Amino acid sequence: MHVVIMGCGRVGSTLARSLEDRNHTVAVIDSEPDAFRRLGPGFNGDKVAGMGFDQEVLEKAGIRRADAFAAVSSGDNSNIIAARVARETFGIEQVVARIYDPGRAEVYQRLGITTVATVKWTADQVLRRLVPAGAEPDFRDPSGTIRVDHVPVPETWVGTRTRDLEEQSRSRIAWLDRLGEGVLPTSESVVQEGDLLHLVIREENAQHAYRVIERGPEQE
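The structure displayed is predicted, hence computed values, not measured ones.

## Description of the sheet that holds strand S4 (residues 68–71)
Sheet strands line up and pair through hydrogen bonds in the backbone, either parallel or antiparallel.
Item 1. Judged by pairing direction, the sheet is parallel, and its six strands sit side by side in the order S3-S2-S1-S4-S5-S6 without closing on themselves. Taken across any chain shown, the strands that pair with only one partner, and hence form the sheet edges, are strand S3 (46–49) and strand S6 (114–117). Adjacent strand axes in the sheet meet at a mean angle of 15°, parallel and antiparallel pairs treated alike.
Item 2. Of the strands in this sheet, strand S1 (2–6), strand S2 (25–30), S4 and strand S5 (94–99) are in contact with helix H1 (residues 10–21), which crosses S1 at around 170°.

Structure (structure tokens):
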């Protein structure tokens, strides 16, 4: 892949080095040439000084051959404009914009631009580690309809088929963590002691799912 990144702060420079370590080609755009020092001497990609929403600057960064574009500067407006130019003018399908305002992030998510609302994401990560299991999901889609929760398995479910848990709790097990590894359950999988479930649940069914999991399986 060839990836164009706007913004060479801590996020942009880390992202650029990570992509290059995975053998992708990278071009980094920043309005401050001094910012490129964060890339370090081992960075082999292109460094383009200028505004990331300027079409000529994007051309210099190889936007026409790019497979993806990331706008991760410190300004919401700049990131939104650059993301829209990359998507609407140059036809880049894989576009991600870093947005600090979560309200704006949801709006642009609905317009097809993947957004990362950094302040909200960080707060959610901390919150999920403070409150009891089930109070806050790991993920909620922009419409608020679907959530993903990680749920430790109570002893009462050990030995039960995963599909029985799904049917009774009205949820789906996306995957489970077992002995440090991710496992995709099959129709014959059985819940084991120590499993951590990653459940996909409709928001309206979340309370029901937690009640069923806490209560234990119904005997046929």
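Still more ground to cover, so stick around.
## As for the environment of Arg178
Item 1. Within the secondary structure, Arg178 sits in strand S9 (residues 172–178).
Item 2. Sequence separation between Arg178 and Pro41 is 137 residues, and the spatial gap between their C-alpha atoms is 41 Å.
Item 3. Not counting chain neighbours up to four residues away, the residues in contact with Arg178 comprise Val183, Val190, Val191, Gln192 and Asp195.
Item 4. Within the structure, the side chain of Arg178 is placed 3.0 Å from the backbone oxygen of Val190, a separation counted as a polar contact.

## Focus: the pattern of salt bridges
Item 1. Counting across every chain of the model gives eight salt bridges.
Item 2. Arg64 is paired through a salt bridge with Glu59; the nearest N and O atoms lie 2.9 Å apart.
Item 3. Since its relative accessible area comes to 35%, Glu59 is described here as partly exposed.
Item 4. A salt bridge links Asp149 to Arg147; the shortest N-O distance between them is 2.8 Å.
Item 5. One network of salt bridges, in which partners are shared, links Arg147, Asp149 and Glu203.

## Some words on the pairing of strand S8 (residues 146–152)
Consecutive side chains along a regular strand alternate between the two faces of the sheet.
Item 1. For strand S7 (residues 139–140) and S8, the ladder comprises two bridges, and the chain directions are antiparallel. Paired with Phe139 across the bridge in S8 is Val148.
Item 2. In this structure, S8 lies alongside strand S11 (residues 196–202), joined through seven bridges in antiparallel fashion. Paired with Pro152 across the strands is Leu196, a residue of S11.

Cut-offs applied
- Residues numbered from 1 in each chain as written.
- Predicted model: local features only at pLDDT ≥ 70, side-chain atom pairs only at ≥ 80, totals over all residues.
- Heavy atoms only, no water.
- Pairing = 2+ DSSP bridges.
- Helix = DSSP H or I, 4+ residues; strand = E, 2+ residues; numbered from the N terminus.
- Axes fitted to C-alpha atoms, helices over the stretch in contact; angles between N-to-C directions.
- Contact = heavy atoms within 4.5 Å.
- Polar contact = N/O pair within 3.5 Å; in protein donor to acceptor, adjacent residues only side chain to side chain.
- Salt bridge = Lys/Arg side-chain N within 4 Å of Asp/Glu carboxyl O.
- Buried < 20%, exposed > 50% of the residue type's maximum accessible area, 1.4 Å probe, protein only.

Purely geometric numbers; function is a separate question.
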